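This is what each chain is made of:
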Amino acid sequence: MPFDPAFTSSYIVAFAMGLASSLHCIGMCGSIIGTLTLSLSPNVRGSNYLLSAFVLNYNLGRLTSYMLAGGFVGIIQSITVMPFGEHGYRMIQILSAIIMASSGFYIAGWFSRFAYIEKVGLILWKKLEPYGRRLIPVSNRLQAYLFGVVWGWLPCGLVYTALALAATAGSAEKSAFTMLAFGLGTLPAVMGVGIMNGVLTRLSRMKQFKKAIGIFMITLALMAAMPWLNPMVINTHTNMHVTNH
Amino acid sequence: MDYFSSIIGKSPELESMIRSAKIAACTDVAILIKGETGTGKEVLARAIQKASRRANKSFLSLNCAALPEGLIESELFGHKKGAFTGANNNSPGIFKAVDGGTIFLDEINSLPLAIQGKLLRFLDSGEFIPIGETIAHKTNVRVIAATNTDLNRLIIEGKFRQDLFFRLNVVPLELPALKKRSEDIDLLINYFFKYFAELHSIPTPSFSKAALKVLKNYSWPGNIRELRNLCERLSILLAGKTIEVENLPYEFEQVREINKSENFILPECGVKLDQLEADLIYQALDRTKGNRSKSARLLGLTRDTLLYRMQKYGFGLN
Ligand SMILES: Nc1ncnc2c1ncn2[C@@H]1O[C@H](COP(=O)(O)OP(=O)(O)OP(=O)(O)O)[C@@H](O)[C@H]1O
Ligand SMILES: [Mg+2]
C-alpha cells in the first residue's frame, strides 16, 4: 500500500467531528428535521415503530450521499496528489487542517465568514433541491430514503470540513468510510432532535458550549496537521516512512 | 418561479434559512418565524404561503398584539349569538373563514395564555370550539406564527406555554438581524434605490464610500424597515446625488464619531483624562454658546449624562 495515511485514527476523529458539529447545527438543521418528521402522515407519526423506520431511512439516505461525496473526494485526491508523492499528501493534510481549524473558529463564534464556504455547494444544491421538494409529502420509506439522499447535499460548512478530513484518508474507499464515520457521529443529535428537542436546543445556544466544541475542533486540526502530536498514530507514521522508502 | 426572490440578501445566514424555508413551504407543517422587528418576518411568511400548495387559497395575516384581549378569542375561533354581551350575530371566526388556507399569526408572543391553550388544541387536532358552543368544529388551516421576542424568556416568566412553543418550534426559522449581515447592506440599498427611483420617477442617488462605511457600522435597531425608510427619504431628498456622511440623519452621528475617534492617538506623555474631559465639556459649551443639547451631541453624550458630568466638574448649571 503506497499511502498508509499518517492519520489512521481519522475514522474516530471523523466520528467525533460529526458528534460535536451536529450538536452545533441543531439550530439550522433543526427546521429541516422538524419538517421531515412533521410532514409524515399522522398514522406514521403515531406509531413509534413506523416513525423510527422513516427517520432511519432519511438518515440512511443522507449517509449514502456523504459516502458518495467522500469517495468522490478520495478519487480527486488520488488523481491530483498522487503524482507529488508524500509531499502532495502532506499538502493536502495541511490544507485539510486549515479548513478544520477554521470551522473550529467558526463554531466558537470567532470567524463567522467561514460560512461562505457553503457557497461551494450552492450550484449543485439548486439543481438537486427541486427533486427533494417533489418528494414531499413523503409517503413511503423509499421516498424517505431518496429525500435523505437529496438532503445529504445540502450546503453545509461542517460537512465540507469532514470532506476535507476525508481527503486525507488515502484512498477513495477510506475517504468514503471517513464520511460514513462522520455521518454516524451526527446521528445521535439528528435523530434525538425529535425526542430531546428542548435539551438540545438549549445546549446548542450556550456560548460556552459552542466555544468548547470550537476548541475541540481546533485541537483535532492541530493533530491532523502534525500527526506526531497524536498519540494514536505515532507507530503508523514511522511505518509510513518505512513502506515508502 | 422563485417566490423567495423577494427576500433580498446573499449572506450565508439568510441563505441557509431560506433553504430550510423552501423545504418547509412544501409541507403543511406549522412554522415559527423568529426575528427582531423589521427583519422581514411578514415578507417571509408570504413567500412561504406563495410557495406552498395552498398558494391559491386564502391567506390572512393577524397581529395578535393589535387586538384587545377580550376580542381575540372570538375573532380567531368565532362565537354563537348571545354568547356574551355584544355578540349579536353568529360569527364563524377566522379559523373557519380561512378553511383550506393559511393564517399568519404575527406577534404570537402577545397571545393571551387562555387562547394559547385553544391554539395548541387546534394544532394538535384541527379542532376548536367557538365561544358559547359545546361541539368542536374542524377546519384545515396552516399556521405560520411570528415572534419578535425571545419565547424562552416568556416561558420562564410564565407568559407563554412551553407545550405550544415546542409544537410551533419544530420548524424554527430565524431571520438574522441586519447588523449581523452587514454584507447584505449593499444589495439592499441597490434594490431599494432602484425601487424608489422607479416609484417616484427620479434618478437614483448613491452613497459615498465613507457614508457606506458608516451604514455598515450602524446597529440598525429597526433592521430592514429602517434601511428601507432611509433609502426612500434620501432617494427623494438627494435624487441623483452622492450621499456624503454629512447627509445622514442624526442617528448615525455616534457611528461617525467612533470612526473619527480611531484617529485619536494617545500622546507619549499620556493625558489627564479627568482634566481633558472637563476641558472638552468647556469647549463644547463655549462653541454652542451654552446650549446643552447641542453640546451633548458634540460630545456624543445624552443630555442627562452631560448634565451629570457638568455637575461632577463643578460647572455652574446656569
Ligand atoms: N430581505 C428583504 N428584502 C427586501 N425587503 C425587505 C426584506 N426584509 C424586509 N423587507 C422590507 O422591510 C419592511 C419590514 O418587513 P416586515 O414587515 O416583513 O418586518 P417584520 O419582521 O414583520 O417586522 P415587525 O416585527 O415590526 O412586524 C417591509 O417594508 C419589507 O418589504
Ligand atoms: Mg410584521
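Values in this document were obtained by computation on a predicted structure and should not be read as measured data. (Residues numbered from 1 in each chain as written. Chains lettered and ligands numbered in written order. Predicted model: local features only at pLDDT ≥ 70, side-chain atom pairs only at ≥ 80, totals over all residues. Heavy atoms only, no water.)

Visitor: Which residues make up the nonpolar core, and what are the values?
Guide: Proteins that are soluble and globular tend to have nonpolar side chains buried together. Judged by nonpolar contacts, the single largest core of 37 residues is most densely connected at M17, M100, M179 and F182 of chain A. When residues of this core are traced back to their parent elements, those giving at least two are α1 (10-38), α3 (48-81), α4 (85-108), α7 (157-166), α8 (172-192) and α10 (207-225) of chain A. A total of eight residues in this core trace back to one element, the largest contributor, which is α10 of chain A. With 30 residues, the next largest nonpolar core counts L62, L111, F128 and L154 of chain B among its residues. (Core = buried A, V, L, I, M, F, W, Y, C linked by side-chain atoms within 4.5 Å. Buried < 20%, exposed > 50% of the residue type's maximum accessible area, 1.4 Å probe, protein only. Helix = DSSP H or I, 4+ residues; strand = E, 2+ residues; numbered from the N terminus.)

Visitor: Would you mind going over the packing of α3 of chain A against α8 of chain A in detail, with residue names and values included?
Guide: Residue and element names in this part refer to chain A. Running from amino to carboxyl end, α3 crosses α8 at an angle of 150 degrees, the nearest separation of the two axes being 7 Å. With respect to α8, the element α3 is oriented roughly antiparallel. The handedness of the crossing between α3 and α8 is right-handed. (Axes fitted to C-alpha atoms, helices over the stretch in contact; angles between N-to-C directions. Parallel < 35°, antiparallel > 145°, perpendicular 65-115°, else oblique. Left-handed = near helix turned anticlockwise from the far one by under 90°.)

Visitor: Could you give an account of the environment of V170 of chain B, with specific residues and numbers?
Guide: In this fold, V170 of chain B is placed in the loop between α7 (162-168) and β7 (172-174). In this structure the C-alpha to C-alpha distance between V170 of chain B and L32 of chain B, which are 138 residues apart in sequence, comes to 8.0 Å. When near neighbours in sequence (up to four residues on either side) are disregarded, V170 of chain B contacts G30, S31, G34 and L38 of chain A. (Contact = heavy atoms within 4.5 Å.)

Visitor: If you had to explain the site of ligand 1 to someone new, which residues and values would you point to?
Guide: Residues and elements named next belong to chain B. Surrounding ligand 1, one finds 18 residues, the nearest of these being I8, T37, G38, K41 and R225. A distance of 3.4 Å separates an oxygen atom of ligand 1 from a polar backbone atom of T39. Between an oxygen atom of ligand 1 and a side-chain N or O atom of R225, the distance comes to 3.0 Å. About the coverage of ligand 1: the protein hides 85% of its 630 Å² of free accessible area. (Near = heavy atom within 4 Å. Polar contact = N/O pair within 3.5 Å; in protein donor to acceptor, adjacent residues only side chain to side chain. Areas by Shrake-Rupley, 256 points an atom, 1.4 Å probe, with all protein chains shown as cover.)

Visitor: Describe the sheet that holds strand β6 (residues 142-147) of chain B, listing the residues and the values that go with them.
Guide: Residue and element names in this part refer to chain B. With parallel pairing, the five strands of this open sheet are ordered in space as β2-β3-β6-β1-β7. If you trace the sheet from one side to the other, it starts and ends with β2 (59-63) and β7, each paired once. When strand polarity is set aside, the average angle formed by the axes of neighbouring strands in this sheet is 20 degrees. Summarising the sheet, strand β1 (residues 31-34) and β7 pair through three bridges and their orientation is parallel. Looking at the pairing, K34 lines up with E174 of β7. Set on the sheet, helix α1 (residues 12-25) makes contact with β1, β6 and β7; between it and β7 the angle comes to about 145 degrees. (Pairing = 2+ DSSP bridges.)

Visitor: With reference to specific residues and values, describe the pairing of β1 of chain B.
Guide: Residues and elements named next belong to chain B. By the alternation rule, side chains of β1 split into I31 and I33 and L32 and K34, which are all buried. Pairing geometry for β1 and β6, over four bridges, is parallel. Within β6, the residue paired with I33 across the bridge is A146.

Visitor: A description of the pattern of salt bridges should follow, citing residues and the corresponding values.
Guide: All names here are of chain B. For the coordinates displayed, the defined rule picks out 16 salt bridges over all chains. For K118, the salt bridge is made with E73, and the minimal N-O distance between the two is 2.7 Å. Residue K118 is located in helix α5 (residues 113-125), and its partner E73 is located in helix α3 (residues 69-77); the two are separated by 45 residues in the primary sequence. For E73, a relative accessible area of 24% corresponds to the partly exposed category. For R153, the salt bridge identified is with E157, shortest N-O distance 3.3 Å. According to the relative accessible area criterion, R153 is partly exposed, its value standing at 42%. Counted as one network, the salt bridges with shared partners bring together R121, E127 and K138. (Salt bridge = Lys/Arg side-chain N within 4 Å of Asp/Glu carboxyl O.)

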